[in-house]
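In case you want the letters, here they are:
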Amino acid sequence: MSALKKTRNIALGYITAALSCSAFAVTATPGSLSIAAGASQTVQLADISGTLSVYSSKSGIATVSRVDASHYRISGVKAGSVELEFKDRKSSAKVKVSVTTSTATSTSAPTALNGRLLASNCFQCHGTNGSGGFDKLAGKSASEIYGDLKEFASGQEDSDGIMAAHAMGFSDAQLRSIASYFANIR
Ligand code: HEC
């Protein structure tokens, strides 16, 4: 009886040893990820034994930088897919990365250059179509209006006035487009 129990304990001991050994294989979470070019995501590594080296199946798709011992940041460079391998002394873990085209370039809103739409921001004070109000805009030349707007925008004239606040809100191209809109109204 006691001899039998002893062998069973030894057998169990081997099993536990084998299990805990395999539990020390390095793991990476998530095992696969998709990021946009220019974006990045962190991968968590666990059960690392010894030093970790990173291998990439292809260059130029994504970069890997170490955040700390168990976190690595993957940054998308250009569209494509790449397999990263995190290798320690005993084992390795793979992470499949697919990089998609940068969302920043594909969805960036076109700069609004619709003169009338932009100019409608001015109607409440300069009258509909620049016909009156504080200062009549209609009939002035585009360069005159543009020049005034640039002066306001640069803060050279009445830097904390109403017009400075308005002019500063537009891009140079938008100011040109507003100026030419008013200049072409008669
Ligand atoms: C909240 C009211 C307000 C809005 C909106 C506004 N302005 Fe003005 N604007 C003024 C006032 C008041 C003046 C005159 C006082 C000053 O010089 O600051 C002026 C002056 C100007 C002048 C100079 C005119 C001159 O003869 O010296 C220009 C050009 C002008 N505005 C263009 C615009 C344009 C273009 C817009 C739209 C992007 C606009 N303004 C929106 C109130 C406004």
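The coordinates are above.
For the structure given in this document, a descriptive report is provided here. On a predicted model such as this, the values are computed, not experimentally measured, just so you know.

## Re the environment of Y181
Part 1: Mapping Y181 onto the fold places it in helix 7 (residues 172–183).
Part 2: When neighbours within four sequence positions are excluded, Y181 is seen to be in contact with G115, R116 and A119.

## As for helix 5 (residues 142–154)
Part 1: Between its terminal C-alpha atoms helix 5 stretches 18 Å, which fits the 18 Å expected from 13 residues at 1.5 Å a residue.
Part 2: Packing partners of the buried residues in helix 5 comprise helix 6 (162–167) and helix 7.

## Comments concerning the sheet that holds strand 2 (residues 32–36)
Part 1: Read across the sheet, four strands follow the order 2-8-7-4 without closing on themselves; strand pairing throughout is mixed. Strand pairing shows two members of the sheet lacking a second neighbour, strand 2 and strand 4 (53–56), which therefore form its edges. Averaged over all neighbouring strand pairs, the angle between strand axes comes to 25°, with direction disregarded.
Part 2: Relative to strand 8 (residues 92–100), strand 2 runs parallel, the two being bridged by five bridges. Paired with A36 across the strands is T100, a residue of strand 8.

## Section: the sheet that holds strand 5 (residues 62–68)
Part 1: One open sheet accounts for four strands, arranged 1-3-6-5; its pairing is antiparallel. Both edges of this open sheet fall to strand 1 (27–29) and strand 5, since each of them pairs with a single strand only. Each strand axis lies, on average, 30° off the axis of its neighbour in the sheet, ignoring direction.
Part 2: Where strand 5 and strand 6 (residues 71–76) come together, six bridges link them in antiparallel fashion. Looking at the pairing, D68 lines up with H71 of strand 6.

## Some details on the site of the ligand
Part 1: Taken together, 17 residues lie around the ligand, and C122, C125, F134, D135 and D148 are the ones closest in.
Part 2: When its residues are assigned to classes, the shell around the ligand shows nine nonpolar, five polar and three charged.

## Side note on the pairing of strand 3 (residues 40–46)
Part 1: In terms of strand pairing, strand 1 meets strand 3 through three bridges, oriented antiparallel. Paired with T29 across the two strands is Q44, which belongs to strand 3.
Part 2: The pairing of strand 3 with strand 6 spans five bridges and is classified as antiparallel. Note that in strand 6 the partner of Q44 across the bridge is H71.

## A few points about unusual backbone geometry
Part 1: For the bond running from T29 to P30, omega is -5°, close enough to zero to count as cis.
Part 2: Residue placement: P30 occurs in the loop between strand 1 and strand 2.
Part 3: Unusually for a residue other than glycine, D47 sits at a positive phi of about 55°.

## Some remarks on the packing of helix 5 against helix 7
Each pair of packed helices gets described by two things: the angle between the helix axes and the distance between those axes.
Part 1: As a packed pair, helix 5 and helix 7 sit with axes 8 Å apart at the nearest point and diverge in direction by 140°. Taken together, the axes of helix 5 and helix 7 lie oblique to each other. Relative to helix 7, helix 5 is oriented so that their crossing is right-handed. Each of A142, I145, Y146, L149, K150 and A153 in helix 5 lies in contact with helix 7, whose residues at this interface are L175, R176, A179, S180, F182 and A183.

Parameters at a glance
Residues numbered from 1 in each chain as written. Predicted model: local features only at pLDDT ≥ 70, side-chain atom pairs only at ≥ 80, totals over all residues. Helix = DSSP H or I, 4+ residues; strand = E, 2+ residues; numbered from the N terminus. Contact = placed C-beta atoms within 7 Å. Expected span 1.5 Å × (residues − 1). Pairing = 2+ DSSP bridges. Axes fitted to C-alpha atoms, helices over the stretch in contact; angles between N-to-C directions. Near = placed C-beta within 6 Å. Nonpolar A, V, L, I, M, F, W, Y, C, P; charged D, E, K, R; others polar. Parallel < 35°, antiparallel > 145°, perpendicular 65-115°, else oblique. Left-handed = near helix turned anticlockwise from the far one by under 90°.

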